[in-house]
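Inside the fold
One letter stands for each residue in the lines below.
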Amino acid sequence: YGRCEFCILPIMNSNDGRLMSFYGLLDRYDLKICDVVDIDNDDSTSTFRHALLGRACKEQRMRPQKNQNYIFEFSIITDKPDFFTSLSLAADKINAKLICIDSLPIEYASDMQKFFISFSIPSQNALAFRLFLALNLQAHTPLGFYKEKT
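What comes next is a walk through the structure. Residue positions are counted from 1 within each chain, in the order its sequence is given. In view of the model being predicted, local features appear only for residues whose pLDDT reaches at least 70, and side-chain atom pairs are presented and counted only at 80 or more, with totals across whole chains, interfaces and linings using the full set of residues. Where side-chain values are given, they derive from all heavy atoms of the structure, hydrogens and water being excluded.

Considering unusual backbone geometry
- Backbone geometry at D30 places phi at a positive 55 degrees, although glycine is not the residue there.
- Here a helix means four or more residues in a row that DSSP labels H or I, a strand means two or more in a row labelled E, and each is numbered from the N terminus. Locating D30 in the fold gives a position in the loop between α1 (20-28) and β3 (32-40).
- The backbone phi angle of N95 is positive, close to 60 degrees, even though this residue is not glycine.
- Mapped onto the secondary structure, N95 falls in the loop between α2 (83-93) and β6 (97-106).

Side note on the nonpolar core
- We define a nonpolar core as any set of buried Ala, Val, Leu, Ile, Met, Phe, Trp, Tyr and Cys residues linked to one another through side-chain atoms lying within 4.5 Å. Summary of the burial criterion: residues with accessible area below 20% of their type's maximum are buried, those above 50% are exposed, and those between are partly exposed, where the area comes from a 1.4 Å probe applied to protein chains only. Counting 20 residues, the largest nonpolar core has F74, L87, I117, F119, I121, F129 and L133 as its most contacted members.
- Elements with a contribution of two residues or more to this core: β5 (69-78), α2, β7 (109-122) and α3 (126-136).
- The residues contacting F129, other than those within four sequence positions of it, are F72, F74, L87, A91, I94, F119 and I121.
- Of all hydrophobic cores here, the second largest spans 14 residues; its members include M20, L26, L53 and L143. Residue contacts are defined here by distance: any two heavy atoms, one from each residue, within 4.5 Å place the two residues in contact.

Written as structure tokens, this is what we have:
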């Protein structure tokens, strides 16, 4: 209802990977990942990643720090999975590493898929990668840009 500026949701765990039902909420409510924290289970057998989410995260004004890797997460709906060829070539040129890619079928279009993609990007190349996406994959939706936890 727009009563709060931020929320916290689990987005991943070490047993199941990306929690797709919660990622669906990011799109539905136009939320962006501002930061994440990993929390170990009581018996240390699994780790849960929780995200600080908001509609107005300061990602556009964040100045990447030198020698720091950032995670850039985005989604894209397409019926052409060959988009990944140009994306992987661009990522290779700037030393970005694919962390995770998941897909879901789109309910209203049987030939469409929604891809959720995460890359680790060196700080000095983050702007170039985002520019590549803006020019070549206009249909992508940024989901988060935050420091990689080491």
